[in-house]
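Structure assessment
One letter stands for each residue in the lines below.
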Amino acid sequence: MKIAVVGAGLTGLKAAKELSEYASVVVFEPEDVGGLVASYEGVEKFYHHCFKNDDFLLEEIKRSGLKSKLVWRIAKTGFAANGKIYPLNTPFEILRYPLLTFGEKIRLARFTLKSRKLNYENFDDIGVIEGIRSELGEGLLERFFMPLLRSKFGENAEEVSYAWLLGRVAIRSNRKLSGEEIGYIRHGFQQLVDKMAEGLDIRKERARIRKAAKWEVNGEQFDGVIYTAPLPELGELSEKLGIAEIRYQSSVCALVGAEETLTDNIYWTNIVDRMSFGAVIEHTNFMPYEDYGIHLIYLASYSTPDGYLFNLSEDEIKRLFLSDLKKLGFNTESIKWMKIFKAKYSGPIYEKGYRRKITPYRVADGFYIAGMTSRPNYPERSMNGSVRAGYEVAEQVKKDFL
């Protein structure tokens, strides 16, 4: 049996690894191995961390011999509003937050607890704005959730499903009294990528797929193809196979090396005011500064493939980001370097009715799709969902061929 895997992100690597014992597997990847988890000089281009319930990811970390490097820490969060940054971790800090009333804070706490018990799939056809307004009222919608939705989905916020928010709260909430506990492989997830890629035949080629007597990739015949790259890159083949059209958003992220920090101990700062980025992630407020010798800060923003921000040049994005960093009171003179990274198709837009668009693993005889549009990545993409999708599609291939 000969299998082609298109894409060397976590899904592609996991699928290839699972099948390599049973088949001749070739992986096609024109960009950096690791996909969205790829690194720049040992640091992820886009921020990453994991959660206690990421069973498939944690098992993969264990199998790769990296469990001893996995650390769990409380990640402090905050909100930047009206030129000031408010920590929002302990009950006392939340009570002091001036942009919400006491009653709204109580409703928000109850909503968080309630969301963990709901079947979020039942809310797939309800809009997130409609759901929040009905459940929590106009004040919480406008002063708490809308800034987050705008930074995450931009002009598409009104089309997002309520299931996305409920699922995100239910799946990713592991709060302690002092904040949320999250995990990280010390010195970076690139170590996991490297372990998963070991021994695989990875060719730095863009895959050209066609159906002949068998499936062909770049003129070479295969019994089956596992496609793990973004669906828009399938082109006409996607329509021929009857794959539902899924809209994607794009990521624009700055990785900053600086001598100073924005805050003393906050890992994740959400931006309430309208700015060019929606969050500041201070990596070295989570991992030791000594590991890097410089403060590492991410400035995260989302756009669309045809959006204004995504199509700016790197220099234009830098100027825009630096201007807004100054508004937050950051000393931009302390910046030693700044790198801009873009991902054209960084994730689906989880719009109303998205559940009906989830791609099955087998879409035609010998042709499989897995990755961000697979069921394990609903209603929010994650490293865990991607590893699980790789495992499950490999199981489907084994069932069909062995």
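Residues numbered from 1 in each chain as written. Predicted model: local features only at pLDDT ≥ 70, side-chain atom pairs only at ≥ 80, totals over all residues. Heavy atoms only, no water.

Inspection of the entire model under this criterion finds 23 aromatic pairs. Where Tyr-120 meets Tyr-378, the ring centres are 6.2 Å apart and the plane angle is 55 degrees; that geometry is what we call tilted. Of this pair, Tyr-120 sits in the loop between helix H4 (102-115) and helix H5 (128-136) while Tyr-378 sits in the loop between strand S21 (367-369) and helix H11 (383-401), and the two are 258 residues apart along the sequence. Here a set of aromatic residues connected by ring pairs shows up, and it is made of Tyr-47, Tyr-184, Phe-189, Tyr-267, Trp-268, Phe-286 and Tyr-298. A cation over an aromatic ring shows up here: Lys-211 above the ring of Trp-215, its NZ or CZ 5.6 Å from the ring centre. (Phe/Tyr/Trp six-rings, centres within 6.5 Å; stacked < 30°, edge-to-face > 60°. Helix = DSSP H or I, 4+ residues; strand = E, 2+ residues; numbered from the N terminus. Lys NZ or Arg CZ within 6 Å of the ring centre and 35° of its normal.)

What follows deals with the sheet that holds strand S20 (residues 362-364). What links the strands of a sheet is backbone hydrogen bonding, and the strands pair in either a parallel or an antiparallel sense. Strand order in the open sheet formed by 6 strands is S10-S2-S1-S14-S21-S20, with mixed pairing between adjacent strands. Edge positions in the sheet fall to strand S10 (201-203) and S20, since each of these pairs with one other strand and no more. Here the average twist between neighbouring strands, direction ignored, is 25 degrees. As defined by bridge partners, strand S14 (residues 224-227) adjoins S21 across 3 bridges and the pair is classed as parallel. Each residue of the ladder has a partner; that of Tyr-227, found in S21, is Ile-369. Its contacts with the sheet place H11 against strand S1 (2-6), S14, S20 and S21, and it is angled at close to 160 degrees to S21. (Pairing = 2+ DSSP bridges. Axes fitted to C-alpha atoms, helices over the stretch in contact; angles between N-to-C directions. Contact = heavy atoms within 4.5 Å.)

Under the definition given, this model contains 27 salt bridges. Here Lys-357 ties to Glu-351 by a salt bridge, and the two come within 2.9 Å at their closest N and O atoms. By relative accessible area, Glu-351 is classed as buried at 10%. Among the ionic pairs, Asp-400 bridges to Arg-362, the shortest N-O distance being 2.9 Å. Of this pair, Asp-400 sits in helix H11 while Arg-362 sits in strand S20, and the two are 38 residues apart along the sequence. Accessibility expressed as a relative area gives 39% for Arg-362, which makes it partly exposed. (Salt bridge = Lys/Arg side-chain N within 4 Å of Asp/Glu carboxyl O. Buried < 20%, exposed > 50% of the residue type's maximum accessible area, 1.4 Å probe, protein only.)

Our focus in this paragraph is helix H8 (residues 190-197). With 6 of its 8 residues buried, H8 lies for the most part within the structure. Of the positions making up H8, those classed as buried are Gln-190, Gln-191, Leu-192, Val-193, Met-196 and Ala-197. Where H8 is buried, its residues contact helix H1 (10-19), strand S3 (39-40), strand S4 (43-44), helix H2 (55-63), strand S9 (179-185) and S10. A positive phi of about 80 degrees marks Gly-199, the residue just after H8.

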